[in-house]
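# Examining the three-dimensional arrangement
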Amino acid sequence: MITPEQLLAKREPGDTLDRPLEHLVACHRRIEERLATLELVADHFSLRRQEALDAAASCFRFFDSNGAWHTEDEERSLFPRMRARLSAEELAYLETLEQQHDEAEALYAEVKAHADGVSAGIDGSEARYRETVKKLAAIYRAHIASEDKMLTALGRRVLDDAALRVISIEMKQRRGLLP
C-alpha cells in the first residue's frame with residue numbers, strides 16, 4: 001500500500017494538490033492513461049488472460065481511489081464554489097458535467113462487471129467488455145477535453161486565491177493527507 005508520504009514524495013511541481021486546477025488537469029492525463037490500458041487489455045484476453053485481467057485490476061484500483069477523488073474534488077469542492085459566479089449557460093455546463101460523471105460511473109461499473117465475466121469464463125464477456133470500455137473511453141475523452149478547455153478557464157476566472165486554498169485543503173483531506 002502506498003503511504004501519504006510516498007505520494008507527497010512523488011509529486012512534481014506542476015502536479016500538486018496546492019494548485020487544484022492544475023492538479024485536476026494532471027489527473028486527466030492519468031485517467032487517459034488508464035483508459036488506454038483498459039482498451040488494450042481486451043486484445044490480450046485470448047492469449048494472456050491473467051496478465052490482461054491484472055492490468056485491468058490495476059486500472060480499477062486507480063479509478064476506485066484517484067478517479068473517485070477526482071470526481072468528488074469537482075462535484076463537492078470546485079463546482080459549489082463556482083456556481084454563484086456563473087451565468088445560466090455556464091451553470092448548465094456544470095450540470096452537463098455532473099450528468100457525464102454519472103454516465104461514466106455507470107459504464108465503469110459495467111466494464112468491471114464484464115471483466116469479472118471474462119475472469120469467470122462467461123461467454124460473450126470479452127465482446128461486452130470491449131464494447132463497453134470503448135463507450136467509456138469515448139465519453140471520458142470528450143468530457144476531459146471539455147474540462148481541460150472550458151472548466152479550467154471558468155475556474156481561473158471565478159475562483160480567487162482563498163477559494164483555491166480551501167479547495168486544496170479539501171482535496172488533501174479527501175486523500176487522507178490532512179486531518
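A short tour of the structure in this document, coming up.

### Some details on the overall build of the protein
- When its secondary structure is counted, the protein shows six helices and zero strands.
- Helices (α) and strands (β) of the protein occur, in sequence order from the N terminus, as α-α-α-α-α-α.
- The C-alpha radius of gyration of the protein comes to 18 Å, within 12% of the 16 Å expected for a compact globule of 179 residues.
- Its C-alpha atoms give the protein principal-axis dimensions of roughly 55 × 40 × 25 Å.
- Looking at the protein as a whole, 41% of its 179 residues qualify as buried.

### Observations regarding the layout of surface pockets
- Taken as a whole, the second largest pocket encloses approximately 240 Å³ of empty space.
- Around the second largest pocket, the lining comprises 15 residues; the ones closest to its centre are Gly67, Ala68, Thr71, Glu105 and Tyr140.
- Of all the secondary-structure elements, those providing two or more residues to the lining of the second largest pocket are helix 2 (20–41), helix 3 (49–83), helix 4 (88–120) and helix 5 (125–158).
- With six residues, helix 3 is the largest single contributor of residues to the lining of the second largest pocket.
- For the lining of the second largest pocket, a count of residues per class yields seven nonpolar, six polar and two charged.

### Some thoughts on empty space enclosed by the protein
- Taken as a whole and judged by the stated rule, the model has one cavity of 30 Å³ or more.
- Surrounding the largest cavity, Leu21, Leu24, His28, Glu74, Leu78, Glu147, Leu151 and Thr152 form its lining.
- Secondary-structure elements contributing two or more residues to the lining of the largest cavity are helix 2, helix 3 and helix 5.
- Per-class residue counts for the lining of the largest cavity are four nonpolar, two polar and two charged.

### So, the packing of aromatic side chains
- One pass over the full model with this rule turns up five aromatic pairs.
- Plain terms: the ring middles of phenylalanine 60 and tyrosine 108 are 5.9 Å apart, the flat faces sit at 75° to each other, and that makes the pair edge-to-face. Within this pair, whereas phenylalanine 60 is found in helix 3, its partner tyrosine 108 is found in helix 4, the two being separated by 48 residues in sequence. Across this residue pair, the class does not change: phenylalanine 60 and tyrosine 108 are buried.
- A network of ring pairs unites the aromatic residues Phe60, Phe62, Phe63, Tyr108 and Tyr140 as a single cluster.
- Over the face of the ring belonging to phenylalanine 62 we find arginine 34, whose NZ or CZ atom lies 4.1 Å from the ring centre.

About the criteria used
Residues numbered from 1 in each chain as written. Predicted model: local features only at pLDDT ≥ 70, side-chain atom pairs only at ≥ 80, totals over all residues. Heavy atoms only, no water. Helix = DSSP H or I, 4+ residues; strand = E, 2+ residues; numbered from the N terminus. Rg over C-alpha atoms; globule rule 2.2 N^0.38 Å. Buried < 20%, exposed > 50% of the residue type's maximum accessible area, 1.4 Å probe, protein only. 1 Å grid on protein atoms, 1.4 Å probe; cavity = no way out; pocket = protein on both sides within 12 Å on 5 of 7 lines; lining within 4 Å. Points joined across faces, edges and corners; volume = space filled by probe spheres on them. Nonpolar A, V, L, I, M, F, W, Y, C, P; charged D, E, K, R; others polar. Phe/Tyr/Trp six-rings, centres within 6.5 Å; stacked < 30°, edge-to-face > 60°. Lys NZ or Arg CZ within 6 Å of the ring centre and 35° of its normal.

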